[in-house]
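# Breakdown of the fold
Each chain, letter by letter, is given below.
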Amino acid sequence: AMWKFDDLAEHMIEEGFVDTADEFIVPDLPPHEWVLKVHDRDYYYSFIEGRMDEDLLRRTGFSRRPSHEQLVRRSLLEVSGSVLASRLALS
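Quick look at the structure, then. Every value quoted in this text rests on a predicted model; they were computed, and no experiment measured them.

### Details of the layout of surface pockets
Gaps between atoms show up when a probe of the same size as a water molecule is rolled over them. Taken as a whole, the largest pocket encloses approximately 810 Å³ of empty space. Around the largest pocket, the lining comprises 21 residues; the ones closest to its centre are Phe5, Phe24, Ile25, Val26 and Pro27. Contributions of two or more residues to the lining of the largest pocket are made by α1 (3-14) and α5 (68-90). Grouping the amino acids of the lining of the largest pocket by side-chain chemistry returns 14 nonpolar, three polar and four charged. By volume, the second largest pocket amounts to about 160 Å³. Contributing to the lining of the second largest pocket are Val35, Val38, His39, Tyr43, Tyr44, Phe47, Ile48, Phe62, Ser75, Leu76 and Val79. Mapped onto the lining of the second largest pocket, the elements with two or more residues apiece are α3 (41-48) and α5. In terms of residues, the lining of the second largest pocket owes the most to one element, α3, which gives four residues.

### Let's talk about the packing of aromatic side chains
Applying the stated criterion across every chain yields a total of one aromatic pair. A centroid spacing of 5.0 Å and a plane angle of 70° characterise the contact between tyrosine 44 and tyrosine 45, whose relative ring orientation is edge-to-face. We classify tyrosine 44 as buried; its relative accessible area is 3%.

### A few points about the pattern of salt bridges
Between side chains of opposite charge, a pair can form when the charged atoms approach closely. Tallied over the full model, the rule gives four salt bridges. With a shortest N-O distance of 2.7 Å, arginine 51 and glutamate 49 are connected by a salt bridge. A relative accessible area of 47% places glutamate 49 in the partly exposed class. Of the charged contacts, one joins aspartate 55 and arginine 59 as a salt bridge, the two residues approaching to 3.2 Å between their closest N and O atoms. Of the two residues, aspartate 55 and arginine 59 are both situated in helix α4 (residues 54-59); the distance of four residues between them amounts to about one turn of the helix. Classification of arginine 59 as exposed rests on a relative accessible area of 61%. It is possible to trace a salt-bridge network through shared partners that takes in Asp55, Arg58 and Arg59.

Parameters at a glance
Residues numbered from 1 in each chain as written. Predicted model: local features only at pLDDT ≥ 70, side-chain atom pairs only at ≥ 80, totals over all residues. Heavy atoms only, no water. 1 Å grid on protein atoms, 1.4 Å probe; cavity = no way out; pocket = protein on both sides within 12 Å on 5 of 7 lines; lining within 4 Å. Points joined across faces, edges and corners; volume = space filled by probe spheres on them. Helix = DSSP H or I, 4+ residues; strand = E, 2+ residues; numbered from the N terminus. Nonpolar A, V, L, I, M, F, W, Y, C, P; charged D, E, K, R; others polar. Phe/Tyr/Trp six-rings, centres within 6.5 Å; stacked < 30°, edge-to-face > 60°. Buried < 20%, exposed > 50% of the residue type's maximum accessible area, 1.4 Å probe, protein only. Salt bridge = Lys/Arg side-chain N within 4 Å of Asp/Glu carboxyl O.

Pasting the structure below:
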């Protein structure tokens, strides 16, 4: 669920890991090439363009989505956020 990210940020502020939400580093959307390294082109573009059939959406766990645009954005930011976190951890 998308709310988990808001809840996690709020928890981190409450517990003193950060003082304010301004301290979080927000990733940019990743280039399509990153996702295409691990997903089939037709699958990826049918997902981001909202062309997946309901059966496939259900099997992949995406059938209960409040907004397809929000789901796509969240999914892409999870990719770039993971890469950013890894890079920051290694620097």
